[in-house]
Amino acid sequence: EREWLRDFGPMQFGANLWVAPHGAEVPQGAVVVRLDPGLAFGTGTHPTTQLSLILLEKYLRPGDTLLDIGCGGGLVAEPMARLGGDVTGVDAAGDNIRAARAHAEGLGLQIDYRHDTAEALVEQGAQFDVVLALEIVEHVADVGLFVGSVAKLVRPGGLVIFSTLNRTPKAWALAVFGAERVMRWLPVGTHSHAKFVKPSELAAHFRKGGLQLDDLTGLVFSPLTGWSLNSRDLDVNYFATATRGSD
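Note that the coordinates shown come from a computational prediction; the quantities given were computed from them, not determined experimentally.

Caption draft 1: Summary view of the pattern of salt bridges. One pass over the structure, following the stated rule, counts seven salt bridges. The shortest N-O distance in the salt bridge between R155 and D129 comes to 3.2 Å. With R155 in strand β8 (residues 154-165) and D129 in strand β7 (residues 128-134), the pair connects residues that are 26 residues apart, well separated along the chain. Salt-bridge contacts for K170 lead to D235; the nearest nitrogen and oxygen are separated by 3.8 Å. Residue K170 is located in helix α6 (residues 169-182), and its partner D235 is located in the loop between β10 (226-230) and β11 (237-244); the two are separated by 65 residues in the primary sequence. A residue is classified by how much of its surface remains accessible, and K170, at 38% relative accessible area, is partly exposed.

Put into structure tokens, the structure is as follows:
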């Protein structure tokens, strides 16, 4: 059942970030996350994970404090730590946090993983230079409340990055019908098309939370070239990047 691991080899994300199994060769001077994958941690092969790492490498500065909300097993948090970020990961699922801690400890990475929520961190007064909310907002009960919490967690002048799904017929066809019911990549019921968020709606929530929308970038699939980032196509998956104004 684990034959898929035979095809797992070094993968490059952006200019200098690599995810690779132990023993696999990578270019000299590369920033590398060594990963012998288990099912709880993942492999980085999901396109949204791959493109997230490419995008984040562009924004993260060494020494930045970074919060990864819904961090899962740490597949985004670990590369951010390797790039010099001071990383905190939170997740509401205890099993995810346990897997993330074990993997980071095995690699000697200092990442503050917490079994917690964004709202709890707000109550604690925590703030960060960069806050990530990747593939989260389409699952929350109150989008406005969640975005407001995220806005409070970023320092003035800091950056927030969301990724989510647009509420379009094309998104339903690909992310719900195609991915769940045809290809069976995800369990049926993982997504509700009614909870997908249009970019204009997310931008409105940003404004209410004191965030200035800076950029919208789509994640686009082509049968010829695979997945890529495209600022002109937001029909299915997209990233939204915003900054918090000075208080």
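The rest of the description comes next.
Caption draft 2: Highlighting the packing of aromatic side chains. According to the stated counting rule, one finds three aromatic pairs in the structure shown. Both rings, one in W172 and one in F177, keep their centres 5.5 Å apart while their planes meet at 25 degrees; by these two values the pair is stacked. Judged by relative accessible area, which is 39%, F177 ranks as partly exposed.

Caption draft 3: Summary view of α6. Along its 14 residues, α6 runs just 16 Å from first to last C-alpha, ending more than 12% under the 20 Å computed at 1.5 Å per residue. Every buried residue belonging to α6 is among A171, A175, V176, G178, A179 and E180, and all of these are buried. At the exit of α6 stands R184, carrying a positive phi of roughly 60 degrees.

Caption draft 4: A look at the nonpolar core. Core analysis: the biggest nonpolar cluster contains 29 residues, and I69, V131, F146 and F162 have the highest contact counts within it. Contributing elements (two or more residues each) for this core: β4 (65-69), α4 (118-124), β7, α5 (143-153), β8, α7 (199-208) and β11. When residues in this core are grouped by element, the largest group, six residues, is from α5. Excluding residues within four positions of it along the chain, I69 makes contact with V90, A118, V131, L132, A133, L134, I136, F146, V150 and L153. Membership of the second largest hydrophobic core comes to 27 residues, among which are L53, C71, V76 and L107.

Caption draft 5: A look at the sheet that holds β10. In space, the eight strands of this open sheet follow the order β6-β5-β4-β7-β8-β11-β9-β10, with mixed pairing throughout. Of all the strands in the sheet, the pair left with one neighbour each is β6 (112-115) and β10. Within the sheet, the average angular offset between the axes of one strand and its neighbour, ignoring direction, is 15 degrees. In this structure, β4 lies alongside strand β5 (residues 86-91), joined through five bridges in parallel fashion. Each bridged residue has a counterpart across the sheet, and for D68 the counterpart in β5 is G89.

Conventions adopted
Residues numbered from 1 in each chain as written. Predicted model: local features only at pLDDT ≥ 70, side-chain atom pairs only at ≥ 80, totals over all residues. Heavy atoms only, no water. Salt bridge = Lys/Arg side-chain N within 4 Å of Asp/Glu carboxyl O. Helix = DSSP H or I, 4+ residues; strand = E, 2+ residues; numbered from the N terminus. Buried < 20%, exposed > 50% of the residue type's maximum accessible area, 1.4 Å probe, protein only. Phe/Tyr/Trp six-rings, centres within 6.5 Å; stacked < 30°, edge-to-face > 60°. Expected span 1.5 Å × (residues − 1). Core = buried A, V, L, I, M, F, W, Y, C linked by side-chain atoms within 4.5 Å. Contact = heavy atoms within 4.5 Å. Pairing = 2+ DSSP bridges. Axes fitted to C-alpha atoms, helices over the stretch in contact; angles between N-to-C directions.

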